[in-house]
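If you want the building blocks of each chain, they are given just below.
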Amino acid sequence: MRNTLFGLVAGRLGASLLTLFLVSLVIFAITSLLPGDTAQQILGQFATPEQVAALRAQLGLNQPAIVRYWHWLSGFVTGDLGQSASNGMAVAQLINDRLPNSLILAGITTLVSVPIAITMGVVAAMRRGGLIDRLLNLVTLSMVAVPEFLVATLAVLIFAVKLNWLPALSYVSTVDSLGDAMKIYAMPVLTLCCVLIAQMARMTRAALIDQLDSPYVEMAQLKGVPPIRRVMRHALPNAVGPIANAVALSLSYLLGGVIIVETIFNYPGIASLMVDAVSNRDLSLVQACAMLFCGTYLVLVMLADICAILSNPRLRNR
Amino acid sequence: MNSLKTMPHPKANTPQRLRHGSHLPVGAPRRRNRRRLQLTRWIGLGVFGFWILVALFGPLLAPHPMGAFVSDQMFGGISAAYPLGTDYMGRDMLSRILTGARYTVGLALVAACLSSLIGAGFGMLSVLLPKWLEESVRRVFDTLISIPSKMMALVMVSAFGASIPLLITATVLSYAPGAFRIAHSLATNLATMEYVQVAHTRGEGRLYIAAREIFPNMIQSVLTDMGMRFVFIVLLLSGMSFLGLGVQPPAADLGSLVRENIGGLSQGAIAVIAPALAIGTLTIGANLLIDSLSTSRATQKE
């Protein structure tokens, strides 16, 4: 029946919403447990106690934490994210300006990395134990553990300093042609791809090998089905679910990587906005960005789970 | 972990050549495979051991004090006097890396041990404590696990400022839940084993069962998991330092060294490459070692 499937997906959706709510509680709790307090911080050390008290009242800091949390959360739902403490602009506006850049970066990275990673994973799984597999295993195992800034530093050194092909910094505003755009995105995308491809290729390989080990593939082998056909027609369709799961899970690593990459290449995205906000201790901006990142992360993990549910034929055909 | 869910295979004592999945007694390729595993293990052990030694004795071997201005040249290249060049203020880069490695390795080790201790400790609750308490602990950890580690660290630094105790707290908060999840599922599986039920029937107390029956059987997996956590924590902490939100000057870990010398990148300065490579080799070495250990353990289990 469709109902079971629908129920499972709806249940997963509900669980994600609940987790997001709990996450917002944690983020709010951490950011309002300040040893100093926001009003003091805004006014600086030389403010008189009266000024601080007045600002506290104005900001609503005298209310109990639960009331403030409610205001904050309802503000979130209605899109009123408060104001940035450092420059007084609306947080929603700041995020709105930067978000598209980050989405483009993430989108291009996904488009580049997914096909490469899946091909690598499939090839490694087909040649299991062979030279290519062992080589890919060593390479991906090493890449998984490499910090993004090492890849970025080496990329800048090679492509910008030694070969002089690419600019070391990204200025999105100066894009005139497709060639310019490619030059700007080349290194950030390359850096992000390295770790991501390694992750995804390993998971794809594991998912496919899981299928190749099952009796029906052995049956096909005994019937004399050639290897390529065995993988493409028999194993791969059954591995699509786990692979989609792996892709969604790996993409959630983008969130961590993008923070480093946007900073190192000066890319005007949401992550560098957040890093600046943390340096300036601009709490409402930090809260908003953190919620955005955590929300995205939860959506990706949820998509991974839903892929796994949907691809399970036992659930689909019941 | 799946292999642990199944009961011990009756044929567990048969030679390992009969591995699961391949029903044919494959001889030659397997053996070759095993030798390669040994190779990655030795590479991993060598590189990781090297960095442990550097963390232990590096500061003693450093030719100059960490903060000493020894050269007039900024971003000096490789020379006999300064084997890794000089940094953006003319300090000896080799000394700074030897000292910085202690922060990177030390902090990550402390944080990884704490995460595993807390995570595995709570993970054994399922054997020790009533159901409702276990459920609520699980809920809390499940919430914490859905906050990416960098987000947790960034939010905490924005609220409390960057200091070493805070960095360790933030790291433990993001990595203990994962350790908990693994330890918990291991403990739950082990709790259904016959020998544990026999101990129950014998009338042993919960603490005895946890300490004598469950713990010795999960310690190896917990240690492997701790190694993985160590790698991730090194990446997280050096990432934070790289953003300028981790270890604060005058102290410097390897991530901070990359950050402060990033200005020399356009000249191709060794001062920025060396610390970045240091972190890379440390994490790659640890990762290769752990992978080879856990793979050979999985092979033994089958």
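This text goes with the structure placed above it.
Here the structure is a predicted model, which means the values were calculated and not measured.

Enquirer: For this particular structure, what's the right way to read the interface of chain B and chain A?
Expert: Much of the literature gives interface size as the accessible area that the parts lose upon coming together. Between chain B and chain A, the contact holds 47 residues from the first and 49 residues from the second. Taken as a group, B:Met151, B:Val155 and B:Ser158 account for 13% of the area that chain B buries against chain A, more than any other trio of residues on that side. Our count for the contact surface shared by chain B and chain A stands at one salt bridge. Those elements giving two or more residues to the side of chain B that touches chain A turn out to be helix H2 (28–61), helix H5 (131–145), helix H6 (149–160), helix H9 (206–242) and helix H11 (270–301) of chain B. Considering every element that reaches the side of chain B that touches chain A, the biggest residue donor is H11(B), with eleven residues.

Enquirer: Just checking my understanding: could you explain the packing of H5(B) against helix H7 (residues 164–191) of chain B for this structure?
Expert: The axes of two packed helices give the description: the angle between them and the distance between them. Residue and element names in this part refer to chain B. The contact between H5 and H7 brings their axes to 8 Å, and the two run at 130°. As judged from the angle between their axes, H5 and H7 are oblique. Judged by the twist between their axes, the crossing of H5 over H7 is left-handed. Between H5 and H7, the residues in contact are Glu134, Val137, Arg138, Phe141, Asp142, Leu144 and Ile145 and Leu173, Pro177, Gly178, Phe180, Arg181 and His184, respectively. For the contact of H5 with H7, the per-class residue count stands at seven nonpolar, two polar and four charged.

Enquirer: Got a minute to help me understand the pattern of salt bridges in this structure?
Expert: Any two side chains of opposite charge can pair, given that their charged atoms come close. Evaluated as defined, the whole model comprises ten salt bridges over all chains. The partner of A:Asp213 in a salt bridge is A:Arg128, and the shortest N-O contact between them spans 2.8 Å. Of this pair, A:Asp213 sits in the loop between helix H8 (178–212) and helix H9 (215–223) while A:Arg128 sits in the loop between helix H5 (91–126) and helix H6 (131–144); the two residues are 85 residues apart in sequence, bridging distant segments of the chain. The partner of A:Arg205 in a salt bridge is A:Asp133, with the nearest N and O atoms 2.8 Å apart. One end of the pair, A:Arg205, is in helix H8; the other, A:Asp133, is in helix H6, and 72 residues separate them in sequence. Looking at A:Arg205, the relative accessible area reads 25%, which means it is partly exposed. Relative accessible area serves as the criterion here: at 3%, A:Asp133 is assigned to the buried category. Each member of the salt-bridge network shares a partner with another, and the members are B:Arg202, B:Glu204 and B:Glu213.

Enquirer: When you look at the environment of B:Ser146 in this model, what are you seeing that I'm missing?
Expert: When you line up the elements, B:Ser146 lands in the loop between H5 and H6. Along the primary structure B:Ser146 and B:Pro177 are separated by 31 residues, whereas in three dimensions their C-alpha atoms are 9.4 Å apart. Residue contacts for B:Ser146: discarding those within four places in its chain leaves A:Thr19, A:Val23, A:Tyr297 and A:Leu298. Among the polar contacts listed, one links the side chain of B:Ser146 to the backbone oxygen of B:Asp142, at a separation of 3.2 Å.

Reading the values: rules and limits
- Residues numbered from 1 in each chain as written.
- Chains lettered and ligands numbered in written order.
- Predicted model: local features only at pLDDT ≥ 70, side-chain atom pairs only at ≥ 80, totals over all residues.
- Heavy atoms only, no water.
- Contact = heavy atoms within 4.5 Å.
- Buried area = accessible area lost by both parts, 1.4 Å probe.
- Salt bridge = Lys/Arg side-chain N within 4 Å of Asp/Glu carboxyl O.
- Helix = DSSP H or I, 4+ residues; strand = E, 2+ residues; numbered from the N terminus.
- Axes fitted to C-alpha atoms, helices over the stretch in contact; angles between N-to-C directions.
- Parallel < 35°, antiparallel > 145°, perpendicular 65-115°, else oblique.
- Left-handed = near helix turned anticlockwise from the far one by under 90°.
- Nonpolar A, V, L, I, M, F, W, Y, C, P; charged D, E, K, R; others polar.
- Buried < 20%, exposed > 50% of the residue type's maximum accessible area, 1.4 Å probe, protein only.
- Polar contact = N/O pair within 3.5 Å; in protein donor to acceptor, adjacent residues only side chain to side chain.

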